[in-house]
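Descriptive structure summary
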Amino acid sequence: MSDNRQSLSDLANLTGQQAPAAPAAAPQASAPQADGAEAPAAPVEPPRPTMPLRAQEIDAYGRAYATGRRKDAVARVWIKPGSGKITINGRDQEVYFARPTLRLVINQPFGVADRNGQYDVICTVKGGGLSGQAGAVKHGISQALTRYEPILRAPVKAAGFLTRDSRAVERKKYGKAKARRSFQFSKR
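Residues numbered from 1 in each chain as written. Predicted model: local features only at pLDDT ≥ 70, side-chain atom pairs only at ≥ 80, totals over all residues. Heavy atoms only, no water.

1. Regarding helix α3 (residues 100–112)
Applied cut-off: Strands are runs of DSSP state E lasting at least two residues, helices are runs of H or I lasting at least four, and both sets are numbered from the N terminus onward. To estimate the expected span of a helix, subtract one from its residue number and multiply by 1.5 Å. To get the bend at a given residue, fit one axis to the seven residues ending there, fit another to the seven starting there, and take the angle between those axes. Should any heavy atoms of two residues lie within 4.5 Å, those residues are counted as being in contact.
Between the first and last C-alpha of α3 there are 18 Å, a value that for 13 residues agrees with the 18 Å anticipated at 1.5 Å per step. Remark: the principal bend of α3, roughly 40°, maps to isoleucine 106, with a proline, proline 109, within the next four residues. Elements in contact with the buried residues of α3: β3 (86–88), α2 (93–96), β5 (119–126) and α4 (130–148).

2. Topic: the nonpolar core
Formally: As used in this record, nonpolar core signifies buried Ala, Val, Leu, Ile, Met, Phe, Trp, Tyr and Cys residues forming a set joined through side-chain atoms within 4.5 Å. The buried label goes to any residue with under 20% of its type's maximum accessible area, the exposed label to any with over 50%, and the partly exposed label to all in between, with areas taken from a 1.4 Å probe on protein chains only.
In this structure, Val77, Ile79, Ile88, Val121 and Cys123 are the most contacted members of the largest nonpolar core, which totals 29 residues. By residue number, the principal contributor to this core is α4, which donates seven residues. Those residues in contact with cysteine 123 that sit more than four places away from it in its chain are Ala75, Arg76, Val77, Thr87, Ile88, Asn89 and Val137.

3. What about α4?
Over its 19 residues, α4 extends 26 Å from the first C-alpha to the last, a length consistent with the 27 Å expected when each residue adds 1.5 Å. For α4, the buried fraction is high: 16 of the 19 residues fall into the buried class.

4. Let's talk about the packing of aromatic side chains
Let me state the cut-off plainly: Between the rings of Phe, Tyr and Trp (Trp by its six-membered ring), a pair exists once the centres lie within 6.5 Å; its type follows the angle of the planes, with under 30 degrees stacked, over 60 edge-to-face, and the other angles tilted.
One pass over the full model with this rule turns up four aromatic pairs. Where tyrosine 96 meets phenylalanine 97, the ring centres are 5.1 Å apart and the plane angle is 90°; that geometry is what we call edge-to-face. Pair check on accessibility: tyrosine 96 and phenylalanine 97 agree, each one buried. An aromatic cluster of at least three residues, connected via ring pairs, comprises Phe110, Tyr119 and Tyr148.

5. What to know about the sheet that holds β3
As a reminder of what qualifies: Strands were regarded as paired on the criterion that DSSP finds at least two bridges between them. Lines fitted to C-alpha atoms define the axes here, with helix axes fitted over just the stretch in contact, and angles between the N-to-C directions of these axes take values from 0 to 180 degrees.
Spatial strand order, β1-β2-β5-β3-β4: five strands in an open sheet with mixed pairing. If you trace the sheet from one side to the other, it starts and ends with β1 (64–70) and β4 (91–92), each paired once. The strands touched by α3 are β3 and β5; relative to β3, the strand with the most contacts, the crossing angle is about 140°. Here α4 sits on the sheet in contact with β1, β2 (73–81) and β5, set at roughly 150° to β1.

Printed below as a string of structure tokens:
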């Protein structure tokens with residue numbers, strides 16, 4: 001199996017743009033391509049501003065607010081800088097979400113944004129079951145995180161946490177036991 005490691009300069013050769021300078025690297029010379037022709041020199045563009053496209057949305061208490069939804073659950077989420085404590089309906093996350101998988105779900109946005117243990121979360125959630133509530137809290141944390149730090153919108157959105165998961169239980173149909181399950185067939 002061959003080793004296919006690629007660097008930013010290899011990517012620049014493919015796209016025809018200038019690669020960003022690597023720290024403590026040798027000066028980059030235009031390396032000949034595989035067919036023997038040199039890469040065309042790309043015009044140097046001025047650096048684009050790295051300002052966030054959206055404005056930071058913080059209330060008078062220094063918190064960011066967002067609403068998260070999943071199935072029938074609705075979560076109202078406030079985040080603020082802190083030690084990483086997550087409170088749901090007045091209870092700690094270990095008490096409210098006893099299953100470790102549900103706690104893992106609500107901590108995913110912080111892991112993607114590299115902000116583990118940096119924000120306190122206060123959340124009220126109602127409706128649905130525990131799984132739907134965990135999904136609603138995750139959606140709300142993701143939304144609030146991007147409102148507090150708009151620069152984090154790209155990684156959180158790329159992970160798919162800003163999109164509401166629209167899957168819901170299919171309705172029961174007339175003449176069926178459940179949504180698709182038929183009653184047991186009896187030959188006699």
